[in-house]
Amino acid sequence: MKDTYIELYTDYLIASFGKTTATGLSEVLEGVISHDKITRFLSQREYTSKELWQLVKKEVRAIEEEEGVLIFDDTIQEKQYSKESDLICWHWDHTFNRNMKGINLLNCVYNGNGVSLPIAFELIKKPIQFSDLKTKKRKRKSEVTKNELLREMLTTCQHNQVKWRYLLADSWFASSENMKHVDEKLNKYFILALKSNRLVALSKKDKKDGCFTRIDELDWSEKKPLEGWIRGLEFPVLFHRQIFTNKDGSTGILYLITNDLDLTATKIETIYQKRWNVEVFHKNIKSNTALAKSPTSTICTQSNHIFMSIYASAKLEILAIKQKMNTFALRAKIYTSALKTAFSQLRVLQNA
């Protein structure tokens, strides 16, 4: 599946350093394709995760490995001044612990052989409107939860025969339903972050008697994972406490859980470190492939622009690998080249 319009539009997003518009792309192409045709292209149908997989499948097959990981996380692109809709509405940002008006995007990034590529995504839409009885304010909600979407996306990855061993995600996605789905239905492993108040038991007797303890109240004097059970699960898991130093010199604690009982503390931390690649991906689509730099006004065109931004980030990553540089260095190289051309054109105009 290689659509000329998709390839042109995504190349335009990679090469642009300002607002991206149908008119702008048409001007770059010197009118070969009119801005009306580009607008119709963005409006005619909504591109989804299925089309993304078809576009990146070949590249994923080239880098996938049995020890590959699927990394899930969501991000919010703030749209403070945009008109509210099913797509642009208020979402809870668990990173900053506040509500934010914008577009909420759930992503799945595949990491294998040191390369990370987006292979699935879902836009969080909230079509159901209701009145909050306490605040008397009008609110919105989705028809499905993000955890339900995650499980559907995992199942699709299995259907697409993606090679992976571990699911990585933060505590927002560490529900017992997600763990059961990975362990029992997909026969795979997970390494997930846990909130400090999650209840666990370190013996079968305690589990049977309902004697659960907060994970942050366990005896962590021995620096090795603890085997036990978490409330809501029937199978045993490993718990690990990772202590790290923040940039400001303060100490942080991260609680991790995995159903791979053979992992050591070092191995758990090493594998979970790969989760950071989804944060790099989010930075790429926001800084390098114009996620927010579009004047599109309908849900269909907005959704398709986001799709193009995601696919453009995959193209940029692949090109960066070929050029043996990171995506930000590659974009800087493109910018410098464009600036040189603009500078030369300015000199021509000045000397005319």
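As shown above, the structure is provided for reference.
Because the structure is a prediction, the values reported are computed rather than measured.

### Points about the environment of Leu199
For step 1, the next point in the chain: If you trace the backbone, Leu199 turns up in strand β9 (residues 199–201).
For step 2, the next point in the chain: By relative accessible area, Leu199 is classed as partly exposed at 30%.
For step 3, the next point in the chain: Along the sequence, Leu199 and Lys188 sit 11 residues apart, while their C-alpha atoms lie 23 Å from each other.
For step 4, the next point in the chain: Residues contacting Leu199, with those up to four places away along its chain left out, are Phe212, Thr213, Arg214, Ile230 and Arg231.

### Comments concerning the nonpolar core
For step 1, the next point in the chain: In this structure, Leu70, Phe72, Ile119 and Met179 are the most contacted members of the largest nonpolar core, which totals 90 residues.
For step 2, the next point in the chain: Ranked by residue count, the leading element in this core is helix α10 (residues 299–323), at nine residues.
For step 3, the next point in the chain: In contact with Phe72, not counting residues within four places along its chain, are Leu106, Asn107, Cys108, Leu150, Met153, Leu154, Leu167, Leu168, Ala169 and Phe173.

### Points about the packing of helix α9 (residues 276–287) against α10
Each pair of packed helices can be described by the angle between their axes along with the distance between the axes.
For step 1, the next point in the chain: The contact between α9 and α10 brings their axes to 9 Å, and the two run at 110°. When the axis of α9 is compared with that of α10, the two are roughly perpendicular. Each of Phe281, Asn284 and Ile285 in α9 lies in contact with α10, whose residues at this interface are Ser309, Ile310, Ser313, Leu316 and Glu317.
For step 2, the next point in the chain: Split by residue class, the contact of α9 with α10 holds four nonpolar, three polar and one charged.

### Thoughts on helix α11 (residues 327–351)
For step 1, the next point in the chain: With 25 residues, α11 should cover 36 Å at 1.5 Å per step; its first-to-last C-alpha distance of 36 Å lies within 8% of that length.
For step 2, the next point in the chain: If you check which residues of α11 are buried, you get Thr327, Leu330 and Arg331.
For step 3, the next point in the chain: Looking at where α11 begins, the residue whose side-chain oxygen comes 3.0 Å from the main-chain nitrogen of Phe328 is Asn326.

### Let's talk about the packing of aromatic side chains
For step 1, the next point in the chain: If you walk through the whole model with that rule in mind, you get nine aromatic pairs.
For step 2, the next point in the chain: Judged by centre distance (6.5 Å) and plane angle (55°), the rings of Tyr9 and Phe41 are tilted. In this pair, Tyr9 is assigned in helix α1 (residues 4–15) and Phe41 in helix α3 (residues 35–43), connecting sequence segments 32 residues apart.
For step 3, the next point in the chain: For Tyr9, a relative accessible area of 2% corresponds to the buried category.
For step 4, the next point in the chain: A residue is classified by how much of its surface remains accessible, and Phe41, at 4% relative accessible area, is buried.
For step 5, the next point in the chain: Through pairs of rings, three or more aromatic residues link up here, namely Tyr5, Tyr9, Tyr12, Phe41, Tyr47, Phe121 and Phe307.
For step 6, the next point in the chain: Its guanidinium or amino end placed over the ring of Trp164, Lys188 lies 5.4 Å from that ring's centre, counting from NZ or CZ.
For step 7, the next point in the chain: Its guanidinium or amino end placed over the ring of Phe328, Lys283 lies 5.3 Å from that ring's centre, counting from NZ or CZ.

### Quick word on the packing of helix α4 (residues 49–63) against α10
For step 1, the next point in the chain: At their nearest, the axes of α4 and α10 sit 10 Å apart, and the two run at 5° to each other. By the angle between their directions, the pair α4 and α10 is classed as roughly parallel. Between α4, through Glu51, Leu52, Leu55, Val56 and Glu59, and α10, the contact on the second element is made entirely by Phe307, Ile310, Tyr311, Ala314 and Ile318.
For step 2, the next point in the chain: For the contact of α4 with α10, the per-class residue count stands at eight nonpolar, no polar and two charged.

### Topic: empty space enclosed by the protein
For step 1, the next point in the chain: By the definition in use, this model includes one cavity of 30 Å³ or more.
For step 2, the next point in the chain: Considering only enclosed or pocket space, the largest cavity measures out at about 40 Å³ in volume.
For step 3, the next point in the chain: Residue lining of the largest cavity: Tyr5, Leu8, Tyr9, Leu25, Leu29, Ile33, Ile38 and Phe41, and that is the complete set.
For step 4, the next point in the chain: Within the residue set of the lining of the largest cavity, elements represented by two or more residues are α1 and α3.

### Examining the layout of surface pockets
For step 1, the next point in the chain: One number sums up the size of the largest pocket: a volume of about 930 Å³.
For step 2, the next point in the chain: Of all the secondary-structure elements, those providing two or more residues to the lining of the largest pocket are β1 (69–78), β8 (189–194), β12 (237–245), β13 (251–258), α8 (265–272) and α9.
For step 3, the next point in the chain: The greatest single-element share of the lining of the largest pocket, amounting to five residues, is contributed by α9.
For step 4, the next point in the chain: Its residues placed into classes, the lining of the largest pocket shows 10 nonpolar, eight polar and 10 charged.

### What about unusual backbone geometry?
For step 1, the next point in the chain: Of note in this structure, Lys136 is not a glycine but carries a positive phi near 65°.
For step 2, the next point in the chain: Within the secondary structure, Lys136 sits in the loop between β5 (128–131) and β6 (138–141).
For step 3, the next point in the chain: Judged by its relative accessible area of 65%, Lys136 falls in the exposed class.
For step 4, the next point in the chain: One non-glycine residue with positive phi stands out, namely Lys324, at about 60°.
For step 5, the next point in the chain: Of note, Lys324 is situated in the loop between α10 and α11.
For step 6, the next point in the chain: When its relative accessible area of 79% is taken as the criterion, Lys324 is described as exposed.

Parameters at a glance
- Residues numbered from 1 in each chain as written.
- Predicted model: local features only at pLDDT ≥ 70, side-chain atom pairs only at ≥ 80, totals over all residues.
- Heavy atoms only, no water.
- Helix = DSSP H or I, 4+ residues; strand = E, 2+ residues; numbered from the N terminus.
- Buried < 20%, exposed > 50% of the residue type's maximum accessible area, 1.4 Å probe, protein only.
- Contact = heavy atoms within 4.5 Å.
- Core = buried A, V, L, I, M, F, W, Y, C linked by side-chain atoms within 4.5 Å.
- Axes fitted to C-alpha atoms, helices over the stretch in contact; angles between N-to-C directions.
- Parallel < 35°, antiparallel > 145°, perpendicular 65-115°, else oblique.
- Nonpolar A, V, L, I, M, F, W, Y, C, P; charged D, E, K, R; others polar.
- Expected span 1.5 Å × (residues − 1).
- Polar contact = N/O pair within 3.5 Å; in protein donor to acceptor, adjacent residues only side chain to side chain.
- Phe/Tyr/Trp six-rings, centres within 6.5 Å; stacked < 30°, edge-to-face > 60°.
- Lys NZ or Arg CZ within 6 Å of the ring centre and 35° of its normal.
- 1 Å grid on protein atoms, 1.4 Å probe; cavity = no way out; pocket = protein on both sides within 12 Å on 5 of 7 lines; lining within 4 Å.
- Points joined across faces, edges and corners; volume = space filled by probe spheres on them.

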